[in-house]
Amino acid sequence: MTFPASAELRNDPVALIRDKALWIRRRSFQMVYEAQLGHPGGDFSAADVLATLYFGVLRHDPADPRNPARDRFVMSKGHCTGAFYAVLAAAGFFPEAQLNTYMQPLSLLNGHPNRNYLPGVETNTGPLGHGLPVSVGIAIAGQIDSADFRTFVLTGDGELQEGSNWEAALTAGHRKLENLTLIIDRNRLQQGARTEETASLDPLDDKWRAFGWHVEMVDGHDHRALYEVLSKSPKGRGKPLCVIANTFKGKGVSFMHDNVAWHHGVPNKDQYEQAMRELA
Amino acid sequence: MSAAAPAPAGWHDCRDTFSKTVEALAEADPRIVTVVSDSVGSSKLVNFRKRWPERMVNVGIAEQTVVAVGAGLANGGKIPFVSAAACFLTARAMEQIKADIAYTNVNVKLIGQSSGVAYGELGPTHHSIEDMAWLRLLNNLTLIVPSDPWETEQAIRAAAALDGPVFIRVSRMPVPDLPRCNARFEIGKAETLRDGNDLAIIANGVMVHRALAAAEALAADGIAARVINMSTVNPLDEATILEAAKTGAVVTVEEHSVRGGLGGAVAEVLATHDPVPMRILGFPGFLPTGSADWLLEHFHLNAAGIADAARQLLARK
Ligand SMILES: Cc1ncc(C[n+]2csc(CCOP(=O)(O)OP(=O)(O)O)c2C)c(N)n1
Ligand SMILES: [Mg+2]
């Protein structure tokens, strides 16, 4: 099992994460542009969290992707495969060239991730509200075995309107799953509108506390803050951890910033070129 | 969400018919409300929201709740049109559909949007090719799979007029207007679109125009295929199916799994009354990555594929 702390990383973990986050944004946007399909707004809000996990936090081994001792990461917001596939390729789970097949006929890079197609995918997602309950099961297995691995799951915020999350939250709190970390991509936008104008979630931190979770709020684009909150050992806390990552949909590109049209909007040539100029 | 090839000029996205019709109904009947789960745009209900913001209930991304709230609204005297992507509306909320809608037998209209493989590249979680099988088993629940804009409008109007639960599959896949001699829609009554006595092709939804094209191709070989539009799957028009069996061979075609859907329904009737050689055309199950058009071609769900299956079947007659 390789720890993320390569020589490069030991020198400056945050610089490495920053570098990878930029690469994920650029590469995923190229995928979306070429496929003329995808969810780039949510790719960009999650890019920094994904880079932090894969290049600063997760213990994983791309050469042995089902090693029982691995940390688990579940991409519950499964529509954001642009960023997810890009980070998996960057981490070495499959060749970068495979990203060129995104959503093409017979591609293993389906619009939503499939564990039977790709190493590094723990569970098939796409319908919202599945990742957290599955992750609770993974964490309980670890708890039963007193195993050392951690389980991380990334959800959207609109996704939390699905009741399945709150059923799972009860079980996680009840069982004091300290090996479980939920990260909420709190970009305040869902498919068609703002979360607070649809079915409001605030005060979101109080909700998780009431369910028996420890809550941390971070700037979800601040690599150092993400690195510190996610890499700290959860041992001894006796509670599952909920990290509310305050983010922006479309973060990184001026015309996409905080704009719901980019939930599943795809760029034309001019927009693509402008975005690539800004993502430098 | 899906980058389908541009549709031929004059073809239609039946979601537009849905929203136009539900707005016309809402003008005339104040009891009509729409109920959505972050599915305003994908249901083409932006204009409805603009016109009647107080008559749209958006519960957020929560399909179990959207269906159950629909049941409650009906109890409160409303006529709710609950509209969400067919894949989540059925798979996620199946128990609410079974218990709160069908078993309780309430006046709710469920609109399964972008059914079948319309979401193509987004994969099996977003395909709705199991829904006919799940839904047709439920007592009380009328299940309609319209084939074009005219029939979509008729189905929605008939659903509003019926006091009881209805599920309508609405496709976003472009379809042409079907040729009809005496246009008359009745729930539970199949429509014979083309006469022929060598075999019968029974289809519904977006497969009907492909079945007609297959019949045209077969006619060039001197084969007279009857084409039946079985838009209501529950209750099933058994009389028309048994009439079709008299041709001696039946092909079914659906934008659905080959297990348990239209083909399964027809097979149940034939097997118990008048077994004749049969082919069930549809999808095999979880599908590989590809656009809607690509998937239909890949699995031979086109005129040529239907005609080939018909020719093979005739050899067994
Ligand atoms: C069960 C379910 N219902 C509906 C959808 C359609 N859908 C895909 S993404 C999305 C919005 C998600 O919003 P959010 O969770 O906030 O994600 P993000 O903003 O990070 O993209 C919706 C409604 C789905 N994938 N699954
Ligand atoms: Mg969001």
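Just so you know, these numbers come straight off a predicted model, no measurement behind them.

Novice: Quick question: what am I supposed to make of the overall build of chain B here?
Specialist: Counting secondary structure elements, chain B contains 12 helices and 12 strands. In terms of overall dimensions, chain B is globule-like: its C-alpha atoms have a radius of gyration of 19 Å, near the 20 Å expected for 317 residues. Dimensions of chain B, computed from C-alpha atoms along their principal axes, come out at roughly 60 × 40 × 35 Å. Residue burial in chain B is summarised as follows: out of 317 residues, 62% are buried. For chain B, contacts bridging at least 24 residues in sequence account for 79% of all contacts bridging at least 6. A total accessible area of about 11,500 Å² is found for chain B, and carbon and sulfur atoms account for 52% of it. Between the averaged position of the 28 positive side-chain charges in chain B and that of its 34 negative side-chain charges there is a distance of 2 Å.

Novice: Explain the site of ligand 1 to me, please; I cannot follow it from the model alone.
Specialist: Surveying the vicinity of ligand 1 reveals 24 residues, the closest of which are Lys-77, His-79, Asp-157 and Glu-159 of chain A together with Glu-63 of chain B. Looking at what sits near ligand 1, you find residues from chains A and B. Within the side chain of Asp-157 of chain A, one N or O atom sits 2.7 Å away from an oxygen atom of ligand 1. Between ligand 1 and Asn-187 of chain A there is a distance of 2.9 Å, counted from an oxygen atom to a side-chain nitrogen or oxygen. Relative to its free-state accessible area of 590 Å², ligand 1 is covered by the protein chains to the extent of 98%. Of the residues in the shell around ligand 1, the class split is five nonpolar, 10 polar and nine charged.

Novice: Quick question: what am I supposed to make of helix α9 (residues 269-278) of chain A here?
Specialist: Because an α-helix packs 3.6 residues into every turn, residues spaced three or four apart end up facing the same way. All names here are of chain A. All of the buried residues in α9 are Tyr-272, Ala-275 and Met-276. Projected down its long axis, α9 shows its buried positions confined to an angular sector of 100°, all on one face. Exposed side of α9, more than 90 degrees from the buried face: Asp-270 and Arg-277 are the residues found there. Looking at the buried residues of α9, the elements they touch are α2 (13-35). Sitting at the head of α9, Asn-268 places a side-chain oxygen 3.2 Å from the backbone nitrogen of Asp-270.

Novice: Would you explain the packing of aromatic side chains in this entry?
Specialist: Ring pairs (aromatic) are described by centroid distance and by the angle formed between their planes. On inspection of all chains with the given rule, the structure shows 14 aromatic pairs over all chains. Between Trp-208 of chain A and Trp-213 of chain A the ring centres are 4.9 Å apart and the planes differ by 70°, which places this aromatic pair in the edge-to-face class. Among the residues examined, Trp-213 of chain A registers a relative accessible area of 1% and is labelled buried. Judged by centre distance (4.9 Å) and plane angle (55°), the rings of Phe-48 of chain B and Trp-52 of chain B are tilted. Considered together, Phe-48 of chain B and Trp-52 of chain B belong to a single accessibility category, that of buried residues.

Novice: Quick question: what am I supposed to make of the coordination of the magnesium ion (ligand 2) here?
Specialist: Reference values for coordination geometry: four tetrahedral donors around a metal ideally subtend 109.5 degrees, six octahedral donors ideally subtend 90 or 180 degrees. Residues and elements named next belong to chain A. On the protein side, the magnesium ion (ligand 2) has Asp-157 (OD), Asn-187 (OD1) and Leu-189 (O) as donor atoms, found 2.1 Å from it. As a motif over one chain, the donors of the magnesium ion (ligand 2) read D-x29-N-x1-L. Of the two residues, Asn-187 and Leu-189, both sit in the buried class.

Novice: Would you take a moment to explain the sheet that holds strand β5 (residues 241-246) of chain A for this structure?
Specialist: In any sheet, the strands associate via hydrogen bonds between backbone groups, in a parallel or an antiparallel arrangement. Residue and element names in this part refer to chain A. On the basis of which strands lie adjacent, the open sheet formed by five strands has the order β1-β2-β3-β5-β4 and parallel pairing. Here the strands that pair on one side only, and so sit at the sheet edges, are β1 (72-75) and β4 (214-219). In this sheet, neighbouring strand axes are inclined to one another by 20° on average, regardless of whether the strands run parallel or antiparallel. As judged from the four bridges shared by β1 and strand β2 (residues 151-156), these two strands associate in the parallel manner. Bridged to Val-74 within β2 is Val-153. Against the sheet, helix α5 (residues 131-144) makes contact with β1, β2 and β3 (180-186), and its axis sits at roughly 170° relative to β2, the strand it touches most. Sheet strands in contact with helix α8 (residues 223-231) are β2, β3, β4 and β5, and its direction is about 160° off that of β4.

Novice: Help me understand the pattern of salt bridges, please; the structure alone is not making it clear to me.
Specialist: Opposite charge on two side chains makes pairing possible when the charged atoms of those side chains draw close. All chains considered together, the criterion is met by 33 salt bridges over all chains. Between Asp-221 of chain B and Arg-311 of chain B there is a salt bridge, with the nearest N and O atoms lying 2.8 Å from each other. Here the residue Asp-221 of chain B occupies a position in the loop between α8 (208-220) and β9 (225-229), and Arg-311 of chain B occupies one in helix α12 (residues 303-314), the gap between them amounting to 90 residues. For Asp-221 of chain B, a relative accessible area of 46% translates into the label partly exposed. Among the charged side chains, a salt-bridge network with shared partners connects Asp-157, Arg-186, Arg-188, Glu-196 and Asp-202 of chain A.

Novice: What am I meant to see in the interface of chain A and chain B here?
Specialist: Put simply, an interface is often sized by how much accessible area is lost when its parts join up. Across the contact, 31 residues belong to chain A and 25 residues belong to chain B. Overall, the association of chain A and chain B removes approximately 2,100 Å² of surface from exposure, summing both partners, and the carbon and sulfur fraction of that is 55%. On the chain A side of the interface with chain B, the three residues burying the most area are Leu-37, Leu-106 and Glu-162 of chain A, jointly 23% of the side's total. Residues Arg-92 of chain B and Glu-162 of chain A are paired through a salt bridge, measuring 3.4 Å at the closest nitrogen-oxygen approach. Our count for the contact surface shared by chain A and chain B stands at 15 residue pairs in polar contact (both at pLDDT 80 or more). Residues of the side of chain A that touches chain B, tallied by class, amount to 10 nonpolar, 19 polar and two charged.

Novice: Where do I start with the domain arrangement of chain B in this structure?
Specialist: Residues and elements named next belong to chain B. Partitioning chain B into structural domains gives domain 1 (14-170) and domain 2 (191-314). Taken over C-alpha atoms, the centre of domain 1 sits 26 Å from the centre of domain 2. If you look at the interface, domain 1 gives 26 residues, while domain 2 gives 30 residues. Taking both partners together, domain 1 and domain 2 bury about 2,100 Å²; carbon and sulfur atoms supply 55% of that area. Where domain 1 packs against domain 2, one counts one salt bridge. With its nearest N and O atoms 2.7 Å apart, the salt bridge here joins Arg-136 to Glu-268. Our count for the domain 1 to domain 2 interface comes out at 19 residue pairs in polar contact (both at pLDDT 80 or more). A total of four residues in the side of domain 1 that touches domain 2 trace back to one element, the largest contributor, which is helix α6 (residues 131-136).

Novice: Would you mind showing me how to read helix α3 (residues 40-57) of chain A here?
Specialist: Residue and element names in this part refer to chain A. With 18 residues, α3 extends 24 Å from end C-alpha to end C-alpha; this agrees with the ideal 26 Å at 1.5 Å per step. A bend of about 45° at Ala-46 is the largest found in α3. A large share of α3 lies buried, amounting to 18 of its 18 residues.

Novice: Teacher, can you tell me more about the nonpolar core here?
Specialist: Grouped together as the largest cluster of nonpolar side chains are 60 residues, with contacts concentrated most on Phe-81, Ile-168, Val-253 and Phe-283 of chain B. The element contributing the most residues to this core is α8 of chain B, with six residues. Inspection of this core shows a minimum of three residues originating in each of domain 1 (14-170) and domain 2 (191-314) of chain B. Excluding residues within four positions of it along the chain, Ile-168 of chain B makes contact with Leu-110, Ile-111, Gly-112, Ile-144, Pro-146, Ala-155, Ile-156 and Ala-159 of chain B. Membership of the second largest hydrophobic core comes to 52 residues, among which are Leu-16, Phe-55, Leu-118 and Leu-154 of chain A.

Novice: Got a minute to help me understand the side chain of Arg-27 of chain A in this structure?
Specialist: Note on placement: Arg-27 of chain A falls in helix α2. A polar side-chain atom of Arg-27 of chain A sits 2.7 Å from a polar atom in the side chain of Asn-100 of chain A.

The rules behind each value
- Residues numbered from 1 in each chain as written.
- Chains lettered and ligands numbered in written order.
- Predicted model: local features only at pLDDT ≥ 70, side-chain atom pairs only at ≥ 80, totals over all residues.
- Heavy atoms only, no water.
- Helix = DSSP H or I, 4+ residues; strand = E, 2+ residues; numbered from the N terminus.
- Rg over C-alpha atoms; globule rule 2.2 N^0.38 Å.
- Buried < 20%, exposed > 50% of the residue type's maximum accessible area, 1.4 Å probe, protein only.
- Contact = heavy atoms within 4.5 Å.
- Areas by Shrake-Rupley, 256 points an atom, 1.4 Å probe, with all protein chains shown as cover.
- Lys, Arg positive; Asp, Glu negative; His and termini not counted.
- Charge placed at Lys NZ, Arg CZ, Asp CG, Glu CD.
- Near = heavy atom within 4 Å.
- Polar contact = N/O pair within 3.5 Å; in protein donor to acceptor, adjacent residues only side chain to side chain.
- Nonpolar A, V, L, I, M, F, W, Y, C, P; charged D, E, K, R; others polar.
- Arc of directions from axis to C-beta.
- Phe/Tyr/Trp six-rings, centres within 6.5 Å; stacked < 30°, edge-to-face > 60°.
- Donors = N, O, S within 2.8 Å, 3.2 Å for Na, K, Ca; no water.
- Pairing = 2+ DSSP bridges.
- Axes fitted to C-alpha atoms, helices over the stretch in contact; angles between N-to-C directions.
- Salt bridge = Lys/Arg side-chain N within 4 Å of Asp/Glu carboxyl O.
- Buried area = accessible area lost by both parts, 1.4 Å probe.
- Domains from an automatic or database assignment.
- Expected span 1.5 Å × (residues − 1).
- Bend = angle between axes of the 7 residues up to and from the residue.
- Core = buried A, V, L, I, M, F, W, Y, C linked by side-chain atoms within 4.5 Å.

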